[in-house]
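Inside the fold
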Amino acid sequence: MSRFYLRLLVVLALLATALIPTAEAGVLDPDVMKVVLHTATPQEQGFIEYVVARVDKGTLPLDLVQSTFLWQEKNLARSSFYFQQGLILRAADRGIKL
């Protein structure tokens, strides 16, 4: 593989990971999530902020939020509605009410 393609792969990998909500010191970036999920209403944006606050408090597992985000992004249209509904259902399976 040439150096060009190797560098291109590295750049693409960095760009892809920048769009996935990640935690640094246990904090999600709500602005990135809003952009990627195409939040259209104040209610959708509020839900994202609520989720981030719950993760920061430790009452909602980070891995649950990240895995739901990745599932939604891979399998469905980029819509915060599907993320919200999926997260609510998956959290309920763990006994967490959102």
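Refer to the structure printed above.
Here is a short report on the structure shown in this document. Throughout, residues of each chain are indexed from 1 in the direction in which the sequence is written. Given that the model is predicted, a residue must reach a pLDDT of at least 70 before its local features are reported, and side-chain atom pairs must reach 80 or more before they are shown or counted; all residues, however, enter totals for whole chains, interfaces and linings. Hydrogens and water molecules were not included; the side-chain quantities draw on all heavy atoms of the structure.

For Pro30, the position within the fold is in helix α2 (residues 30-37). C-alpha of Pro30 to C-alpha of Ala53: the two residues are 23 residues apart in sequence and 9.5 Å apart in space. For this analysis, residues touch if any pair of their heavy atoms sits within 4.5 Å. Apart from residues lying up to four places away in sequence, Pro30 is in contact with Ile48 and Val52. Each helix is a run of DSSP H or I of at least 4 residues and each strand a run of E of at least 2, with the numbering of both proceeding from the N terminus.

Whenever Lys or Arg places a side-chain nitrogen within 4 Å of a carboxyl oxygen from Asp or Glu, that contact is recorded as a salt bridge. Throughout the structure, instances matching the rule amount to two salt bridges. A salt bridge links Lys34 to Glu49, with the nearest nitrogen and oxygen atoms 2.4 Å apart. With Lys34 in helix α2 and Glu49 in helix α3 (residues 42-57), this residue pair connects regions lying 15 residues apart in the sequence. Note on exposure labels: buried denotes an accessible area under 20% of the residue type's maximum, exposed denotes more than 50%, and partly exposed covers the range between, all computed with a 1.4 Å probe on protein chains only. Overall, Lys34 belongs to the buried group, its relative accessible area being 15%. Here Arg94 and Asp63 are joined by a salt bridge, their closest N and O atoms 3.7 Å apart. Of this pair, Arg94 sits in the segment after α5 (80-93) while Asp63 sits in helix α4 (residues 62-75), placing them 31 residues apart in sequence.

Moving on, we get to the nonpolar core. Joining through side-chain atoms within 4.5 Å is the link that ties buried Ala, Val, Leu, Ile, Met, Phe, Trp, Tyr and Cys residues into a set, and such a set is a nonpolar core. In terms of nonpolar packing, the biggest core is built from 17 residues, with Met33, Leu60, Val65, Phe83 and Leu87 touching the most fellow members. When contributions to this core are tallied by element, the ones reaching two or more residues are α2, α3, α4 and α5. Looking at this core, the element that brings in the most residues is α3, giving five residues.

Examined against the element boundaries, Thr39 turns out to sit in the loop between α2 and α3. With residues near it in sequence (within four places) discarded, Thr39 still touches Lys34, Glu44, Gln45, Ile48 and Ser80.

With that out of the way, let us pick up the packing of aromatic side chains. Working definition: a ring pair exists when centres of Phe, Tyr or Trp rings (six-membered ring for Trp) sit within 6.5 Å. Plane angles under 30 degrees give stacked, over 60 give edge-to-face, the rest tilted. Tallying each qualifying case throughout the model produces three aromatic pairs. Ring centres of Phe47 and Tyr50 lie 6.5 Å apart, and the angle between their planes is 45°; this geometry places the pair in the tilted category. Of this pair, Phe47 and Tyr50 both sit in helix α3, three residues apart, which is roughly one turn of that helix. Ring geometry for Phe69 and Phe83: centres 6.3 Å apart, planes at 75°, overall edge-to-face. Here Phe83 lies in helix α5 and Phe69 lies in helix α4, a separation of 14 residues in the sequence. A relative accessible area of 0% places Phe69 in the buried class.

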